[in-house]
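# Results of the structural survey
Spelled out from the first residue to the last, the chains are:
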Amino acid sequence: MRLAFQNCHRVAVFPLDSSVDETLARFTSVRSQVLNQSPEFRDC
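Reference entry: report on the structure contained in this document. (Residues numbered from 1 in each chain as written. Predicted model: local features only at pLDDT ≥ 70, side-chain atom pairs only at ≥ 80, totals over all residues. Heavy atoms only, no water.)

### A look at the nonpolar core
Within the largest apolar cluster, six residues are counted, these being A4, A12, F14, V20, L24 and F27. Elements supplying a minimum of two residues to this core: strand 2 (10–14) and helix 1 (21–27). (Core = buried A, V, L, I, M, F, W, Y, C linked by side-chain atoms within 4.5 Å. Buried < 20%, exposed > 50% of the residue type's maximum accessible area, 1.4 Å probe, protein only. Helix = DSSP H or I, 4+ residues; strand = E, 2+ residues; numbered from the N terminus.)

What follows is the structure in C-alpha cells.
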C-alpha cells in the first residue's frame, strides 16, 4: 500500500500495483492540491 497526502489534510491509500500510477499522479499533482485548498487548513 502507498499513502498519498494532499495539502496535509487529505490522505488516500493506493495499492502498489502500477495500474494506479496515473491516478496517484493526478491525486498528488500541484493542480489537484491547489484546487483542494481550504482556508481552514491553510496553515497545516
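### Section: the side chain of Q6
Looking at where Q6 falls in the secondary structure, it is placed in strand 1 (residues 2–6). The residues contacting Q6, other than those within four sequence positions of it, are F27, S32, Q33 and N36. (Contact = heavy atoms within 4.5 Å.)

### Topic: the pattern of salt bridges
The final tally for this structure, using the stated rule, is two salt bridges. Across the salt bridge formed by R2 and D21, the nearest N and O atoms sit 3.0 Å from each other. Separated by 19 residues along the polypeptide, R2 in strand 1 and D21 in helix 1 bring together distant segments of the chain. Owing to a relative accessible area of 22%, R2 belongs among the partly exposed residues under this scheme. The salt bridge involving E22 is made with R26; its shortest N-O contact spans 3.2 Å. Remark: R26 and E22 occur in helix 1; sequence separation between them is four residues, near one turn of the helix. Relative accessible area serves as the criterion here: at 48%, R26 is assigned to the partly exposed category. (Salt bridge = Lys/Arg side-chain N within 4 Å of Asp/Glu carboxyl O.)

In short, shape yes, function no, at least from these values alone.
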